[in-house]
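Here are the chains, one letter per residue:
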Amino acid sequence: MKTYKNLRPLWLNYDVMMMAYNTAKHRKSYYYTILKYESNLSQNLENLIERIQTGRYIPQPYREFMIHDPKDRLIHAPAFEDRIVHHALIHVVRDLIDKRLISDTYACRTGKGTRKASERLLHFLRSTNGQGYALKIDIRKFFYSINHDRLETLLRKVITCETTINMLKAFYQIPGETTGKGLPLGNVTSQILANLALNPVDQYAKRELKLKHYVRYMDDIIILHTDKEYLRHCLTELKQVMNNEQLETNNRTGISKASKGVTFVGFRHFKTHKIIKPKTLHKIKRVIKRHPELDKITSFLAFTKDSGSYHRIREELTKIAPQYSNKIAVFTTKHRQIRTAV
């Protein structure tokens, strides 16, 4: 397959860096560090480009903190200037990697996302009349387990520009990490590279196992089939591919009857509808209690509007943020009118 070289001029120029700056500051433009950077923006961007060109650019140390979502996760937050470089790189690299991916993987891709992944699974369930079995594959500590050498091998099948590869490596090698594994949670580059890391599994599932009803969102994989024994065979085969990539499944991996519902991207899916998982609803409520902002509320309503739990979620959010009750009612009315028209 085609590989891409001499990519540096495509991302290392003033126009792309300015675009990357605007992306990096989105919803953060009032932060002091960003305001300070913006006060001398042109010179700062030109200086950044010059340091990268001469090899003097070194990413700054990450700011580390823990989140509970619901399990503990260590986040590595890059410095603002490093985020600019992340977005400049991804502006070019994302599409090149995306071309190598199957259509039925939905994380961190333009025009995809959790809602599209959910719709695809519902389509699969309807096309099989909700019968048969569902194999759910979940990878143990996925981001922390991605092997750097294997990732570089996969990258070099796409990109042969050394400057670009070395810059990506500088961002996925966690300072102080000696195992040669792991991508820092918090980097936009990590999300794209994680998709590439599981591409061998996707390709094997589609090309060798010929699986029609296969969908993935990051490290969550769902496969539907009428034959339970064949799904067991598929799991054995895919585990071997994962082993080659130095990845392994966790104890949430297993086979169940599709008619009992398939849990995926925060919902339990049936052939006729989907309902929100209690854990997902709890997370939504927790976020709104901490940040009762209208854009977050409408975002969650849009995320859940096609589920059988929509009215319950609307009522819960109205209780938490009664100051927006009228806005929530208007959003709900518009949603009802759209569904009726369809």
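Residues numbered from 1 in each chain as written. Predicted model: local features only at pLDDT ≥ 70, side-chain atom pairs only at ≥ 80, totals over all residues. Heavy atoms only, no water.

Participant: Got a minute to help me understand helix H11 (residues 199–208) in this structure?
Facilitator: For an α-helix the count is 3.6 residues per turn, leaving residues at separations of three or four pointing the same way. Considered for burial, the residues of H11 that qualify are Asn-199, Pro-200, Val-201, Asp-202, Gln-203 and Ala-205. Against the buried residues of H11 lie helix H8 (148–156), helix H10 (188–197), strand E4 (214–217), strand E5 (220–225) and helix H12 (228–244). (Buried < 20%, exposed > 50% of the residue type's maximum accessible area, 1.4 Å probe, protein only. Helix = DSSP H or I, 4+ residues; strand = E, 2+ residues; numbered from the N terminus. Contact = heavy atoms within 4.5 Å.)

Participant: Explain the sheet that holds E5 here, please?
Facilitator: By definition, the strands of a sheet pair up through backbone hydrogen bonds, in either a parallel or an antiparallel sense. Spatially, the four strands line up as an open sheet ordered E4-E5-E3-E6, and their pairing is antiparallel. A single partner strand is all that each edge strand has here, and the edge strands are E4 and strand E6 (254–257). Ignoring strand direction, the axes of neighbouring strands in this sheet form an average angle of 20°. Of the pairings in the sheet, the one linking strand E3 (residues 133–138) to E5 comprises six bridges and is antiparallel in character. Bridged to Asp-138 within E5 is Asp-220. Here H11 sits on the sheet and contacts E4 and E5; the angle it forms with E4, its principal contact strand, is near 170°. The strands touched by H12 within the sheet are E3, E5 and E6, with E3 carrying the most contacts at an inclination of about 15°. (Pairing = 2+ DSSP bridges. Axes fitted to C-alpha atoms, helices over the stretch in contact; angles between N-to-C directions.)

Participant: What should I look at first to understand the packing of H11 against H12 in this one?
Facilitator: Packed helices, taken two at a time, are described by the angle their axes make and the gap between the axes. Running from N to C, H11 and H12 cross one another at 150°; their axes reach a closest spacing of 9 Å. Classed by the angle they form, the pair H11 and H12 counts as roughly antiparallel. H11 and H12 meet at a crossing whose hand is right-handed. Where H11 abuts H12, its residues Pro-200, Val-201, Tyr-204 and Ala-205 lie against Glu-237, Leu-238, Val-241 and Met-242. Among the residues forming the contact of H11 with H12, the class breakdown is seven nonpolar, no polar and one charged. (Parallel < 35°, antiparallel > 145°, perpendicular 65-115°, else oblique. Left-handed = near helix turned anticlockwise from the far one by under 90°. Nonpolar A, V, L, I, M, F, W, Y, C, P; charged D, E, K, R; others polar.)

Participant: Help me out: how do you make sense of the sheet that holds strand E7 (residues 262–264) in this one?
Facilitator: What the three strands build is an open sheet, ordered E7-E8-E9; its pairing is antiparallel. The sheet is open, and its two borders are formed by E7 and strand E9 (274–276), each paired with just one other strand. Each strand of the sheet is rotated relative to its neighbour by a mean of 30°, with strand direction disregarded. Bridging between strand E8 (residues 267–269) and E9 involves three bridges; their strand directions are antiparallel. If you follow Phe-267 over to E9, its bridge partner there is Ile-276.

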